[in-house]
Protein chains: 2
Amino acid sequence: MSLSSQSNRDDLLKAQKNLISEYDKLKACNLSLDMSRGKPAAAQLDLSNEILTLPIDNYINCEGNDVRNYGILTGIKECRQLFSQLLDIKEDNIIIGGNSSLNLIYDAIARYYIFGKLGQTPWCKLEKVKFLCPVPGYDRHFAICEEFGFEMINIPMNNNGPDMDMVEKLAKEDDSIKGIICVPLYSNPGGICYSDEVVERLAKMETAARDFTIIWDNAYGVHHVYKEIKLANIFDIAEKYGNDDRILYFFSTSKITFPGSGVALIASGDKAIEEIKKRFGVMTIGYNKINQLRTYEFFKTPQGMMLHMKKLGAMLKEKFDVVLNKLEEEFGSSDLLTWAKPYGGYFIAVDTLPNCAKETVRLAKECGLILTNAGCAYPYGKDPKDSNIRIAPSYPTVEELEKAMDIFCVCVKLAAVNELLKKN
Amino acid sequence: MSLSSQSNRDDLLKAQKNLISEYDKLKACNLSLDMSRGKPAAAQLDLSNEILTLPIDNYINCEGNDVRNYGILTGIKECRQLFSQLLDIKEDNIIIGGNSSLNLIYDAIARYYIFGKLGQTPWCKLEKVKFLCPVPGYDRHFAICEEFGFEMINIPMNNNGPDMDMVEKLAKEDDSIKGIICVPLYSNPGGICYSDEVVERLAKMETAARDFTIIWDNAYGVHHVYKEIKLANIFDIAEKYGNDDRILYFFSTSKITFPGSGVALIASGDKAIEEIKKRFGVMTIGYNKINQLRTYEFFKTPQGMMLHMKKLGAMLKEKFDVVLNKLEEEFGSSDLLTWAKPYGGYFIAVDTLPNCAKETVRLAKECGLILTNAGCAYPYGKDPKDSNIRIAPSYPTVEELEKAMDIFCVCVKLAAVNELLKKN
């Protein structure tokens, strides 16, 4: 029997009975599983252990500075060079920051809030600040906007990026819209990759706000799993239109080496990065340069990093396969759950029938499986359809993942059947 | 001939001639020396190299968490415990932050500026915010206040801490005064240690602003050199008066292990630290916990850290001796330069005759010796008397330091004589 939203009442009642029995059996196993956060598995971390004892011989960098001591605010040269080559961004436009790109994003927004951007009015002096938020998106981005009291405007995500007609229209009309938050490659959670056209339109579009800022959080820029999607270089395009200061580009090695113990970077156009460097000079004396040297020594070249990412990608693929095969098996010919296969990144986003996501997550929790909170991928935690669920398959073992997916699929169906029976 | 401000014109002219000749000889040596910043010498850093490969065996902390992965926002337990014991602060009231206490101070001020403190009006919404600044003080503290547009009020520093009569009067009268910035032990640059009475008065005083905040930057809390001065526990006292949320306590291992690659902490009263933890949860996913575990593994106990500090202190003492002996030799029976011998910390502050500090620094620079800019220890870089100079003896070798002090003393005298001759 293939269940769908079109099934009749009798079939639904029969299915409900079977699903409750399956669910109770799974519940009786007293499992404790977690697919809530995009945490790398220990085996992924082990691939980087060597980095922790590098450099072997001395702590003098390529410019003759002792990285154990004060100095070098914007990051050691070899590390900036490595990322410059990897991401095709000019070396002088990159600052290697601390351990967290999220922290760099927060700080960047805080600076514009407090001091303004390039001579424009500080956002704290404005009545209203709005941000465009492609949805579903990353919960922690939205949490930052919420913390600062920004009004978040949902922008629907197409399979090639945000709805650009809507973005262009809003950005052009409303000067209280100060920016848009993007994860342009293998987006969290949908795995969406921005097309060249979308990148171009973002880089060139007219904006009412002169300090309009694109938060370009390229968190999964080298996190290919099934396919190597190439992201257009937004700086190349923005430069043509004189808009390079509009871009704040972020990247980190949190999901390359160690979460929270890697290095993060911020890059921007000439004027914007100069302003940031000046303010960094007041904010801190500098970041952990030993870690920067280690990161460089471990990878040496972009090729070195891509080789490492191939190994990580193979590990993730094994996990993604479990999830995607199971989804295909259970819902391939049903409309109770829909999803797009991601080509990389860390997540798989699925859509239940409307009004079923929260209930699915609740059922799973009672059955010993923690999922990311339903709605978390939307501003204010409010998924208008209550249908999106983010699956984070990296942390559990393959065996755990298989059990987790059993629970997940039963919960999706049970929630769907219960919902359908309400109206049927 | 012992020069002094009372010397007659003939003696001054004779001295000037000799000093110019000495100065020219030193200048001809084409030296390149630097006593400008409190950078540890390489030999000091070497004492901590072992920390860079710890822990030897695994990365699981005392609570069973893999420190290489996400999680544990407020710092790993063993590290918080270590600092709790060292500084006698409750473990739950400590957050281990990133690599820089200066950055933690900046962030703390930014948070109150943006969001306000414990329900009070955000400082960005106020017409005027003022801070009390004991002088001479740390240039980077003043740079933060200046960046935020705070009006800084100079508070004269006595030999037991800031002039508390003035502090109490101002704090009580003016609710736009939101705080005071203190380096309570071996202050930068004067080496002043706050007496028990001063600490008590700060902790208990009445303040017009309910969100009055004491930035308690205990940067040199274990940096004893000649004597082990004990600082009163400000939290113990503040608790008695219900003022513990007034204190933001900062500490770091930048001058214990590696500058910029150590760990820093912030501590406060129950309510204030809870608020900070909540905001940290939006600002970052967490800090480098591998570094935290390393720091713990290296020291294990407060005793372990104090043993390490004894070795560092002995290295510093050698440098301090060179400076202080030379000063005594050249100015012990003259009023052209005055200073107080510090018992610890990183600096020696001296006072030239009025209007002679800038000129002394300029003369030294032309002679190949970089000193910290004159005036830097005052808000806006303005030393009202133009007499204070900060000597940072840690970085040069003893041999370099001896040469540097030769130059310094000649420059002090030459600037003084030139100044005296203007009026004489």
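So, here's what we can say about the structure. (Residues numbered from 1 in each chain as written. Chains lettered and ligands numbered in written order. Predicted model: local features only at pLDDT ≥ 70, side-chain atom pairs only at ≥ 80, totals over all residues. Heavy atoms only, no water.)

Quick word on the packing of aromatic side chains
Item 1. The tally for this structure, following the rule as stated, stands at 36 aromatic pairs over all chains.
Item 2. Here A:W123 and A:F150 contribute two aromatic rings whose centre-to-centre distance is 5.9 Å and whose plane-to-plane angle is 70°, an arrangement assigned as edge-to-face. Pair noted here: A:W123 is in the loop between α4 (101-115) and β3 (130-135) and A:F150 is in the loop between α5 (139-147) and β4 (151-158), with a separation of 27 residues, a long-range link. Of the two residues, A:W123 and A:F150, neither departs from the other in class, the shared state being buried.
Item 3. Feature note: the residues A:Y106, A:Y112, A:Y113, A:W123, A:F131, A:F148, A:F150 and B:F115 constitute an aromatic cluster, connected by ring pairs.
Item 4. When the ring centre of B:Y346 is taken as origin, the NZ or CZ atom of B:K255, which lies over that ring, is 5.0 Å away.
Item 5. For the cation-ring pair, B:K341 lies above B:Y226, with the distance from its terminal atom to the ring centre recorded as 4.1 Å. (Phe/Tyr/Trp six-rings, centres within 6.5 Å; stacked < 30°, edge-to-face > 60°. Helix = DSSP H or I, 4+ residues; strand = E, 2+ residues; numbered from the N terminus. Buried < 20%, exposed > 50% of the residue type's maximum accessible area, 1.4 Å probe, protein only. Lys NZ or Arg CZ within 6 Å of the ring centre and 35° of its normal.)

Here's the deal with the sheet that holds strand β4 (residues 151-158) of chain B
Residue and element names in this part refer to chain B.
Item 1. The strand order β2-β9-β8-β7-β6-β3-β4-β5 describes an open sheet built from eight strands, whose pairing is mixed. Each of the sheet's edge strands pairs with one partner strand only, and the pair in question is β2 (94-96) and β5 (161-162).
Item 2. Relative to strand β6 (residues 177-182), strand β3 (residues 130-135) runs parallel, the two sharing three bridges. Across the sheet, residue F131 finds its bridge partner in β6, namely G179. (Pairing = 2+ DSSP bridges.)

Some remarks on the side chain of B:E91
Residues and elements named next belong to chain B.
Item 1. Summarising the element assignment, E91 is placed in the loop between α3 (77-87) and β2.
Item 2. Judged by its relative accessible area of 17%, E91 is buried.
Item 3. Not counting chain neighbours up to four residues away, the residues in contact with E91 comprise K77, R80, Q81 and S84. (Contact = heavy atoms within 4.5 Å.)

Regarding a negative patch on the surface
Residues and elements named next belong to chain A.
Item 1. Residues E318, E399, E400 and E402 make up a contiguous surface patch of negative charge.
Item 2. By residue number, the principal contributor to the negative patch is helix α13 (residues 398-423), which donates three residues.
Item 3. With respect to the helices and strands, E400 occurs in helix α13. (Patch = residues over 30% accessible without salt bridge, like charges linked within 9 Å, V, L, I, M, F, W, Y side chains within 5 Å. Areas by Shrake-Rupley, 256 points an atom, 1.4 Å probe, with all protein chains shown as cover. Salt bridge = Lys/Arg side-chain N within 4 Å of Asp/Glu carboxyl O. Lys, Arg positive; Asp, Glu negative; His and termini not counted. Charge placed at Lys NZ, Arg CZ, Asp CG, Glu CD.)

Let's talk about the interface of chain B and chain A
Item 1. Counting residues at the interface gives 53 residues for chain B and 54 residues for chain A.
Item 2. Each partner contributes to the roughly 4,500 Å² buried at the junction of chain B and chain A, and carbon and sulfur atoms together form 52% of this total.
Item 3. Counting the surface chain B buries against chain A, the share from its top three residues, B:R68, B:Y70 and B:V282, is 17%.
Item 4. Where chain B packs against chain A, one counts four salt bridges.
Item 5. Close ionic contact of B:R68 with A:D46 constitutes a salt bridge, the shortest N to O distance being 2.8 Å.
Item 6. In this assembly, chain B and chain A are joined by 22 residue pairs in polar contact (both at pLDDT 80 or more).
Item 7. If one sorts the elements of the side of chain B that touches chain A by residue count, helix α4 (residues 101-115) of chain B sits on top with eight residues. (Buried area = accessible area lost by both parts, 1.4 Å probe. Polar contact = N/O pair within 3.5 Å; in protein donor to acceptor, adjacent residues only side chain to side chain.)

A look at the pattern of salt bridges
Item 1. All told, the structure shown has 56 salt bridges over all chains when counted by the stated rule.
Item 2. Residue B:R68 is joined to B:D66 by a salt bridge in which the shortest nitrogen-to-oxygen separation is 2.8 Å.
Item 3. Taking the relative accessible area as the measure of exposure, B:D66 reaches 18% and is therefore buried.
Item 4. For B:E330, the salt bridge is made with B:K413, and the minimal N-O distance between the two is 2.4 Å. Residue B:E330 is located in helix α11 (residues 302-331), and its partner B:K413 is located in helix α13 (residues 398-423); the two are separated by 83 residues in the primary sequence.
Item 5. We classify B:K413 as buried; its relative accessible area is 18%.
Item 6. Because the salt bridges share partners, they merge into one network encompassing A:K27, A:E359, A:R362 and A:E366.

Here we look at the environment of A:T213
All names here are of chain A.
Item 1. Take T213: it is sitting in strand β7 (residues 213-217).
Item 2. Residue classification places T213 among the buried residues on the basis of a relative accessible area of 1%.
Item 3. Spatially, the C-alpha atom of T213 lies 51 Å from that of K25, the residues being 188 residues apart in sequence.
Item 4. Look past the residues within four positions of T213 in its chain and what remains in contact with it is Y112, K117, F131, K178, G179, I180, R246 and L248.

Description of the relation of the copies chain B and chain A
Item 1. Of the two same-sequence chains, chain B is brought onto chain A (RMSD 0.0 Å, axial shift 0.0 Å) by a rotation of 180°. Accordingly, the operation relating the two chain copies is best matched by a two-fold axis. Of every C-alpha in chain B, the one belonging to B:T53 sits nearest the axis of rotation, 2.6 Å from it.
Item 2. Here 100% of the interface residues in chain B have copies in chain A that are interface residues too; the copies meet face to matching face. (Least-squares fit on C-alpha atoms with pLDDT ≥ 70 in both.)

A word on helix α1 (residues 9-28) of chain B
All names here are of chain B.
Item 1. When the terminal C-alpha atoms of α1 are compared, their 28 Å separation across 20 residues agrees well with the 28 Å that a helix rising 1.5 Å per residue should span.
Item 2. Among the structural elements, α12 (357-366) and α13 are those in contact with the buried residues of α1.
Item 3. Between the side-chain oxygen of the N-cap and the backbone nitrogen of D10 there are 3.2 Å, and the N-cap of α1 in question is N8.
Item 4. Looking one or two residues beyond α1, the residue adopting positive phi is N30, at roughly 50°. (Expected span 1.5 Å × (residues − 1).)

Describing the nonpolar core
Item 1. A:L202, A:W216, A:Y249, A:F408, B:L202, B:W216 and B:F408 are the most contacted members of the largest nonpolar core, which totals 231 residues.
Item 2. In contact with A:F408, other than residues within four places in its own chain, are A:L327, A:L337, A:V350, A:T360, A:L369, A:L371, A:I389 and A:I391.
Item 3. Counting 80 residues, the second-largest nonpolar core is a separate cluster that includes A:A272, B:V135, B:I181 and B:F280. (Core = buried A, V, L, I, M, F, W, Y, C linked by side-chain atoms within 4.5 Å.)

Digging into the pairing of strand β8 (residues 247-252) of chain B
All names here are of chain B.
Item 1. Extensive coverage of β8 is indicated by the burial of six of its six residues.
Item 2. Of the two faces of β8, the one lined by I247, Y249 and F251 and the one lined by L248, F250 and S252 are each fully buried.
Item 3. For the segment spanning strand β7 (residues 213-217), helix α8 (residues 234-240) and β8, crossover handedness is right-handed.
Item 4. Where β8 meets strand β9 (residues 264-267), four bridges bridge the pair, whose relative direction is antiparallel. Paired with S252 across the bridge in β9 is A264. (Right-handed = clockwise from strand over helix to strand, strands pointing away.)

Digging into the sheet that holds strand β2 (residues 94-96) of chain A
All names here are of chain A.
Item 1. Sheet architecture is open: eight strands sit in the order β2-β9-β8-β7-β6-β3-β4-β5, paired in mixed fashion. Looking at which strands have only one partner, the edges of the open sheet turn out to be β2 and β5 (161-162).
Item 2. Pairing of strand β6 (residues 177-182) with β7 involves four bridges; the strand directions are parallel. Looking at the pairing, C182 lines up with W216 of β7.

Here's the deal with the packing of α4(A) against helix α9 (residues 270-283) of chain A
All names here are of chain A.
Item 1. Following both chains from N to C, one finds α4 and α9 inclined at 95°, their axes separated by 12 Å at the closest point. Relative to α9, the element α4 is oriented roughly perpendicular. Between α4 and α9, the residues in contact are L104, D107, R111, Y112 and F115 and A272, E275, I276, R279, F280 and M283, respectively.
Item 2. Here the contact of α4 with α9 is built from residues that sort into seven nonpolar, no polar and four charged. (Axes fitted to C-alpha atoms, helices over the stretch in contact; angles between N-to-C directions. Parallel < 35°, antiparallel > 145°, perpendicular 65-115°, else oblique. Nonpolar A, V, L, I, M, F, W, Y, C, P; charged D, E, K, R; others polar.)

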